[in-house]
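Secondary and tertiary structure notes
This is what each chain is made of:
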Amino acid sequence: MSPDVIAHAMQALAEADPDIARALPQVGAPSPRERDRGFATFFSTIVSQQISTEAARAIMGRVNTLLPELHAKAIIDIEGQALRDAGLSWRKVEYAKGLAEAELAGTFSADGLEHLSDEEVIAAITALRGFGRWSAEIYLMFSLKRPDIFPADDLALRVALGRLKGLDDKPTPAKARQMVAHWAPWRSVGSLFLWHYYRGEPV
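Keep in mind that what you see is a predicted model, and the values were worked out from it rather than measured. All residue numbers refer to position in the chain's written sequence, counted from 1. Reporting in this predicted model follows two pLDDT cut-offs: at least 70 for local features of residues, and 80 or more for side-chain atom pairs to be given and counted; totals over whole chains, interfaces and linings ignore these cut-offs and use all residues. Hydrogens and waters are ignored; side-chain quantities use all the structure's heavy atoms.

In terms of regular secondary structure, the chain is built from 12 helices and zero strands. By its C-alpha atoms, the chain is 55 × 35 × 30 Å across when sized along the principal axes. A fraction of 64% describes how many contacts in the chain between residues 6 or more apart in sequence connect residues 24 or more apart. In this description, accessible areas are obtained by the Shrake-Rupley approach with a 1.4 Å probe, and a residue is regarded as covered only by the protein chains that are shown. As displayed, the chain has an accessible area near 10200 Å², and 52% of this comes from carbon and sulfur atoms. Counting rule applied: Lys, Arg positive; Asp, Glu negative; His and chain ends not counted. Where a charge lies is defined by one atom per residue type: Lys uses NZ, Arg uses CZ, Asp uses CG and Glu uses CD. Looking at charge distribution, the chain has the averaged site of its 23 positive side-chain charges lying 5 Å from that of its 26 negative ones. Starting at the N terminus, helices and strands are each numbered in turn, a helix being any DSSP run of H or I of at least four residues and a strand any DSSP run of E of at least two. Should any heavy atoms of two residues lie within 4.5 Å, those residues are counted as being in contact.

Right, here's the structure in full:
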């Protein structure tokens with residue numbers, strides 16, 4: 001999403017929600033965030049699960065040295081031990097091989113997701129081992145640039161929403177989804193704003 005789209009969406013969100021209208025002048029609009037589409041992004045999602053950004057970057061550097069072209073057949077052909085030596089756990093090697101097998105078998109198509117609805121994309125991604133709803137929603141937001149996604153399982157998002165709304169504690173994922181229903185059709189930009197607010201909330 002471009003800065004112009006974000007600016008338009010933030011205006012609409014401020015009109016729909018007085019708490020956003022109050023907070024927006026204090027922290028400003030969020031910056032765009034984008035990720036590549038395709039198989040390599042799904043592979044890097046597996047790598048980055050439950051480890052630091054720095055560790056994930058180091059592992060991906062070693063994988064890219066091993067496999068300059070990161071695609072399904074390359075993952076199938078490489079020995080699992082080589083991926084393990086690059087820093088993936090055996091569980092993540094299993095997930096990566098499963099992703100590649102699904103891509104080659106045609107039961108999953110990373111490039112075909114852009115033609116599906118939001119819910120169809122979520123169903124396709126969560127059918128893969130190692131991918132939950134949060135991973136699917138992040139892909140929808142940042143790779144497919146869908147405008148109305150709210151990844152309610154994200155902890156920082158719910159902490160920020162609780163603070164924005166003056167709650168004593170963060171809402172549950174189900175409650176959070178209810179609380180932002182009126183942000184449609186701009187819940188992706190609302191999510192960006194909450195992450196931005198989480199980092200820059202005035203004291």
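So, about the packing of helix 3 (residues 39–48) against helix 4 (residues 53–66). Working convention: axes come from line fits to C-alpha atoms, limited for helices to the stretch in contact. Angles between N-to-C directions cover 0 to 180 degrees. Direction vectors running N to C along helix 3 and helix 4 enclose 130 degrees, while the axes themselves pass 9 Å from each other. Compared by their axis directions, helix 3 and helix 4 come out oblique. Both helix 3 and helix 4 take part in a crossing whose hand is right-handed. Residues Phe 43, Ser 44, Val 47 and Ser 48 of helix 3 form the contact with helix 4, whose own contacting residues are Ala 56, Ile 59, Met 60 and Val 63. Of the residues contributing to the contact of helix 3 with helix 4, the split by class is six nonpolar, two polar and no charged. Each angle is binned into one of four classes, with values under 35 degrees roughly parallel, values over 145 roughly antiparallel, values of 65 to 115 roughly perpendicular, and all other values oblique. Crossings are classed by handedness, with left-handed meaning an anticlockwise turn of the near helix from the far one by less than a right angle and right-handed meaning a clockwise turn. Residue classes follow a fixed rule: Ala, Val, Leu, Ile, Met, Phe, Trp, Tyr, Cys and Pro count as nonpolar, while Asp, Glu, Lys and Arg count as charged, and any other residue, Gly among them, counts as polar.

Quick look at the nonpolar core now. By size, the foremost hydrophobic cluster in this structure holds 67 residues, and its most contacted members are Phe 42, Phe 43, Phe 108, Ile 125, Phe 150 and Trp 183. Once residues lying within four places of it in the same chain are set aside, the contact partners of Trp 183 are Leu 13, Asp 17, Ile 20, Phe 150, Leu 161, Leu 164, Gly 190, Ser 191 and Leu 194. Each nonpolar core is a collection of buried residues, namely Ala, Val, Leu, Ile, Met, Phe, Trp, Tyr and Cys, held together in the definition by side-chain atoms within 4.5 Å. Buried, partly exposed and exposed residues are distinguished by accessible area as a fraction of the type maximum, computed with a 1.4 Å probe on protein chains only: under 20%, between the cut-offs, and over 50%, respectively.

To continue, consider the environment of Leu 70. Summarising the element assignment, Leu 70 is placed in the loop between helix 4 and helix 5 (72–77). Sequence separation between Leu 70 and Tyr 198 is 128 residues, and the spatial gap between their C-alpha atoms is 34 Å. Ignoring sequence-local partners within four residues, the contact set of Leu 70 consists of Phe 39, Ala 40, Phe 43, Met 60, Val 63, Asn 64 and Ile 75.

Over the atoms, a rolling probe the size of a water molecule traces out where space has been left empty. Think of a 1 Å grid over just the protein atoms. A cavity is a set of points where a 1.4 Å probe fits yet cannot get out, a pocket is an open set with protein on both sides within 12 Å along at least five of seven lines, and lining residues have an atom within 4 Å of a point. Grid points are joined across faces, edges and corners, and a volume is the space filled by probe spheres set on the points. Computed from the structure, the largest pocket encloses a volume of approximately 420 Å³. Together, 14 residues line the largest pocket, and Arg 35, Ser 44, Ser 48, Thr 53 and Ala 56 are the ones closest to its centre. For the lining of the largest pocket, the secondary-structure elements that each account for two or more residues are helix 3 and helix 4. Partitioning the lining of the largest pocket into residue classes produces five nonpolar, six polar and three charged. Approximately 230 Å³ is the volume attributed to the second largest pocket. As for the second largest pocket, its lining consists of Arg 33, Glu 34, Arg 35, Thr 45, Ser 48, Gln 49, Gln 50, Trp 134, Ile 138, Phe 142, Asp 154 and Trp 195. Mapped by element, the contributors of at least two residues to the lining of the second largest pocket are helix 3 and helix 9 (133–142). Ranked by residues supplied to the lining of the second largest pocket, first place goes to helix 9 with three residues. Of the residues assigned to the lining of the second largest pocket, the class counts are four nonpolar, four polar and four charged.

These figures come from the coordinates and say nothing about function on their own.
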